[in-house]
Structure formats: structure tokens, C-alpha cells
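Chain by chain, the residues:
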Amino acid sequence: MVLDDIQHSLGTRRLLDGVHQSVTLGERIGVIGENGSGKSTLLRLIAGLDKPDGGRVLVHAPGGTGYLPQTPELAPDDTVRDAIDHALAELRALEDELRRCEAAMAEADGDELEALLAAYGDLMEAFEARDGYAADARVQAAMHGLGLASVDSTRRLASLSGGEQARLGLACVLAAAPQLMLLDEPTNHLDRDALEWLEEHLRSHRGSILVVSHDRVFLERVATALWDVDAERHTVHRHGGGYAGYVKAKATLRLRWEQQHQEWKEDLARQRELTRAAADNMAAGPRANTDRTNGRHQRSVEKQISARVRNAKERLRRLEENPVPRPPKPMRFAPRIKGGDSTGTSVVAGLYQVEVAQRLQVPDFEVSAGERVLITGPNGAGKSTLLRVLVGDLEPDRGTGTRPASTGWLPQETPVTAPGLSLLDAFREGLPGDLEAHRGALLGLGLFRPSDLATAVGGLSVGQRRRLALARLLHEPADLLVLDEPTNHLSPALVEDLEEALSHYRGALVVVSHDRMLERRFSGRTVRLENGSIRG
């Protein structure tokens, strides 16, 4: 598969411009990038569902191409069996052709038999390339591995939940075993067992895979290389060495940026000094000299000085017109009160005999100063409800709670309360200080570009709204951070920065997350919630 100078826009918004990439047989490419950068569009172009504005998409996959959108396009009146049969239609058609060819060969001879034998060989090669004999076994394995074994094959698709439909769509693509798989966020709606089954299944796939995902553990286990869709430059950067190679490359790029900025500063200072020194020499003026030879020598020196002044000024002009900006400072959260890192010395937040009807029953839950708490549990266990009560966003039916005055709260979903406000105005709303100070503070976080600041909040993507909420938390010191699924809608690079910031935070932290890598790296107390109650 080759992308040759791909250019594509959605309306007036440029997504891709001059993209050159390729995928060889057996490669598993993880596609990452900010929300709205063009990842899904890229897969649709490769699948042939959309046509690029410019350039060529060249796909050579004799074993077929399979595409899984984020939201499966399943006919509501079809049954589960219909969906599987449709996914296997090409394989079934190949198998039917094989049977017809076998029947024809039994009655043919001479040249006709020779031609049928050649056709049969081609059909068999295509069928075996997709491991057609194992198709039914793959269906059963996928249904079981993705948690659909108990779903009746006669059920109408309209009766399935959104999660069941997503998993069925994935099962259909996997069962068909196309040579080229294009998967858009296939890990959505999967529990841990299904995730691990999917990872092993994809690792054993004999063809090529392009998969959009924000799941860092999934990328670490599956991807042999990463494509990073750059929303600012509208291009795609390739990183070899899987997820570890991507993280290393990002660190190297930042180091290079810091070096380039330092070199620019030093060159700027040097050229300014040269310009000043040369100007001082010129200002001193020529010394009177009546000797003709010495006079010519003096004029020659003056010309050399004048040339150096011009060169230094030109060099200085170019440096000032093309600055290398300072890289954003590392993301950091700050506690408000001095001594916020004194773990275990006092309780900063707590819930006592708290109940929320049919959602939460917590006799006692306390967080000490500087303590780190990770809350885990299945969907619907009451994790978000616990956080909302803890920060005062939800009043319990009974019980009491305490919290510090300075609490940073990141809910799982970021509501849009004032869609007409600009991004910059939404960031500084309710904060002291002038506009330029807030503009500098926001840009200094490295979460947005200058051109983003005038965008209305209502026009921001989900990921941009998430970054805006994160920017507010970073800007306002808090002695308790309460974060509900903080890695949702963020690029892997930004999630890595967020984890690093949390590791340096010295206030109290309570976080709910399904992010397996965050959970793996988390240092602190883990609390499991089941059916609204704390276990263990």
C-alpha cells in the first residue's frame, strides 16, 4: 500500500497535504494524533470510501481489504448471522467458485481441462491466502474472544447495545481475515480480557494492519511502527520501533528543539555584539592622514568595517525575523499551600456514611495530604459518582464529605456552557489578570497554537475541549486533584506529558482511569469499587 503525495480537505479545512507513506506486507501500523487531525479520514481514503483531492492511493491486496469504522454500519433489520455472512461473502463466493470449477473439471478434458486447472489454481491461491478453510473457526473464536459467545445468532442487530454492535463489527472483520485490515479505534467497548485476546489475534495476522488507537498498551503490544498524523503541518510522520520508538523519537525531537533554541539565542547575541562593535568603529570616524598610501589603506579598512556592519545587520535581521521559539516548559501541577507534599500527616478530603440511591454506598473514604489514590472497577460501579460527591459536584442522599478549598476537578465529560466564548476567554474566565498575561500563560503550556485562541468553544473538538479543561487545572494551584478518565481524547504524546506532570505533583491526587499503562505505572493506593461499594 502506497500513499503518493496525498492532499485532502474537509470543506475549507485542510487535513492532509503532501503525505507520502507506505506499508509493506506484515507491517502493523498504529495511527495516532490529536482528535480531528485526519486519522479516520486517512483510513477512509485507503479503504477507497473517499477520494483524495490530490495524489494517489495505491493498494495491492490480493487477499482483500477489510475496514472497521468507529461506528459499525450494520443494517438494523439484519440478524447477527446475516452480518457474519455478509462479512464472509467474498470467501463464500470464492468457495462456491472452487466447487463449480471442481465439478467442471470432472467433465472436461484437453485444452478445456488445462484452462480449468489454471483457473482452479488461481482460485485456490486466493482462498488459501485468506485462510478460507478456517473462516468458521475464526467466527467462533472472535465471538468468544470479544465476549459475544452468548449472543443468539438470530437476534436482530437493532436489539444489540452500541457496545455489542461495535464488537460484532470487529468480529466480522477479523473472521474475514483480509490481507489488509483498516481498524478505527477497535479497542472501544472492550474489557480487559477482550483487549488481550484482540492483541494476540492481531499479532498473529499474516497480512498488514493499520489501526487507529489511543490505547498505549495496545500500541506497545501490537504496532511495529507508528504513523503520527500532524494536525499543524497536515502530514504524517513515521516512527519505527513501535510505541517505544515513538516515545524515544519524541524525547529526541524535544532535545533538538531545546538545542536549536539555545543556538539561536547565542547567535542572536553574537550578531548584536558584532553589530554594536562595528557601529562603534564606524562612529569613531576616519583618522586624518595626509599620506596618500596610508590614506588608501585607511579607506580600505573602512570599507571592510562597513561590509562587516552590513553583513552583521543582515544576519541579525534574518535571526530576528525567523526566531526559534523556546519549547513549552514541562507540564506541571502545583499545590496551593506550602507543605502539600507531607504524605499521611492530615486528611484533606473524605466521605463519611455517604449514599447515593442505587449508585453509591461508602461508609468511609479518606485521602491524606500528598496521597495518591487510583480508583478502579467495572463500568457502572459508581466511580464517577464517587468523584462527583467528593468534589461537591453531586449532593449525596445522605452522609457528609470534606474537601480543601483548592480542589482541581476534571470530569469525564467537559460540558460546553458558553459556546460563543473564544478559547482564550474561556481559559481566563473568572481569573484575575490582563488579557495578554493570560494569552502568554495559555500558549506557554504548549497545548494550543496562537491561531486556536480565537476559536469559539462551541467549535472546538472533544480533544481541544479536554485540553482547555486541562489548561485551567495547570494554571490554578490546587491541593487536591480529582481526575475522571484524564487520558480520554488526548494523544499518546500528551498523555505521556500528563503522567510525567502527575508524578511530580505533591498535592493529593484521586484519579479514575481505565488506561492500562497509567494503571501499570501508578504509584500509590489502589481502591476497587464494585456495585457502588469499596472492596478490599
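Residues numbered from 1 in each chain as written. Predicted model: local features only at pLDDT ≥ 70, side-chain atom pairs only at ≥ 80, totals over all residues. Heavy atoms only, no water.

Some remarks on helix α4 (residues 110-129)
Threshold: A helix here means a DSSP run of H or I that spans at least four residues, while a strand means a run of E at least two residues long, and both kinds are numbered starting from the N terminus. A helix's residues, less one, multiplied by 1.5 Å, set its expected span. Note on classification: 1.4 Å probe, protein chains only; a residue is buried when its accessible area is under 20% of the maximum for its type, exposed when over 50%, partly exposed between these limits. Regarding the arc, it is the one traced by the directions from the helix axis to the C-beta atoms. A contact between two residues is defined here by any heavy atoms of the two lying within 4.5 Å.
Here α4 contains 20 residues, and its C-alpha end-to-end distance of 29 Å stays within 8% of the 28 Å for a straight helix at 1.5 Å per residue. Looking at α4, one finds that the buried residues are Leu116, Tyr120, Leu123, Met124 and Phe127. Looking straight down α4, one finds its buried side chains confined to an arc of 105°; they lie on one side. Of the exposed residues in α4, the ones pointing more than 90 degrees away from its buried face are Asp111, Glu114, Asp122 and Glu125. In this fold, the buried residues of α4 make contact with α3 (89-107).

A few points about the environment of histidine 514
Stated precisely, the cut-off is as follows: Here a polar contact is recorded for every N or O atom pair within 3.5 Å, except that within protein the pair must consist of a potential hydrogen donor and a potential acceptor, and residues adjacent in sequence are included only if both atoms are side-chain atoms.
Structurally, histidine 514 is set in the loop between β16 (508-512) and α16 (516-521). Distance from histidine 514 to aspartate 191, taken between C-alpha atoms, is 9.6 Å for residues 323 residues apart in sequence. In this structure histidine 514 touches Arg192, Gly377, Asn379, Lys383 and Glu485, once residues within four positions along its chain are discounted. Engagement of the side chain of histidine 514 in a polar contact is seen with the side chain of asparagine 379, the distance being 3.4 Å.

Regarding the sheet that holds strand β4 (residues 54-58)
The test is simple: Think of it this way: DSSP has to see at least two bridges between two strands before they count as a pair. Interaxial angles span 0 to 180 degrees and are taken between N-to-C directions of axes, which are lines fitted to C-alpha atoms, for helices over the stretch in contact.
With antiparallel pairing, the three strands of this open sheet are ordered in space as β2-β1-β4. One side of each edge strand has no neighbouring strand; the edge strands of this open sheet are β2 (13-22) and β4. Strand-to-strand twist in this sheet, taken as the mean axis angle between neighbours without regard to direction, amounts to 30°. Relative to β4, strand β1 (residues 2-10) runs antiparallel, the two sharing four bridges. Among the inter-strand pairings, leucine 3 is bridged to a residue of β4, identified as valine 57. Sheet contacts for helix α1 (residues 39-47): β1, β2 and β4; angle to β1, the most-contacted strand, approximately 125°.

Notes on the confidence of the model for the chain
Which entries qualify depends on this criterion: For every residue, the predictor reports its confidence as pLDDT, a number between 0 and 100.
Per-residue pLDDT for the chain has a mean of 89; in total, 94% of the residues score no lower than 70. Scored below 50 in pLDDT, residues 339-344 makes eleven contacts in the model with residues more than four places away or belonging to other chains.

Regarding the sheet that holds strand β11 (residues 360-368)
Ordered in space as β11-β10-β13, the three strands form an open sheet in which the pairing is antiparallel. Looking at the sheet topology across the chains shown, the edges are occupied by β11 and β13 (398-402). Strand-to-strand twist in this sheet, taken as the mean axis angle between neighbours without regard to direction, amounts to 5°. Across eight bridges, the pairing between strand β10 (residues 347-356) and β11 is antiparallel. Paired with valine 354 across the bridge in β11 is valine 362. Most of the contacts of helix α11 (residues 383-391) go to β10, to which it runs at about 120°, and overall it touches β10 and β11.

Quick look at the pairing of strand β14 (residues 407-410)
In β14, alternate side chains face the same way, and those of Gly408 and Leu410 are buried while those of Thr407 and Trp409 on the opposite face are not. Two strands pair when backbone bridges link them, and β14 and strand β15 (residues 480-484) are joined in this way by four bridges, in the parallel orientation. When the sheet's bridge partners are listed, tryptophan 409 is paired in β15 with valine 482.

Some details on unusual backbone geometry
Residues other than glycine seldom take positive phi values, yet histidine 189 does so here, at roughly 75°. Tracing the backbone shows histidine 189 in the loop between β6 (180-184) and α7 (192-203). The phi torsion at glutamine 358 lies on the positive side, around 60°, for a residue other than glycine. Counting through the fold element by element, glutamine 358 comes out in the loop between β10 and β11.

Topic: the nonpolar core
A general trend in soluble globular proteins is that nonpolar side chains are found buried together. Put simply, the rule is: As used here, the term nonpolar core means buried Ala, Val, Leu, Ile, Met, Phe, Trp, Tyr and Cys residues forming a set that is joined through side-chain atoms within 4.5 Å.
If you look at the biggest cluster of nonpolar residues, it comprises 44 residues, and the most contacted ones within it are Leu168, Leu183 and Leu202. Counting residues per element, this core draws most heavily on helix α6 (residues 162-176), at eight residues. Judged by nonpolar contacts, the second largest core, of 34 residues, contains Phe333, Leu424, Ala469 and Phe522.

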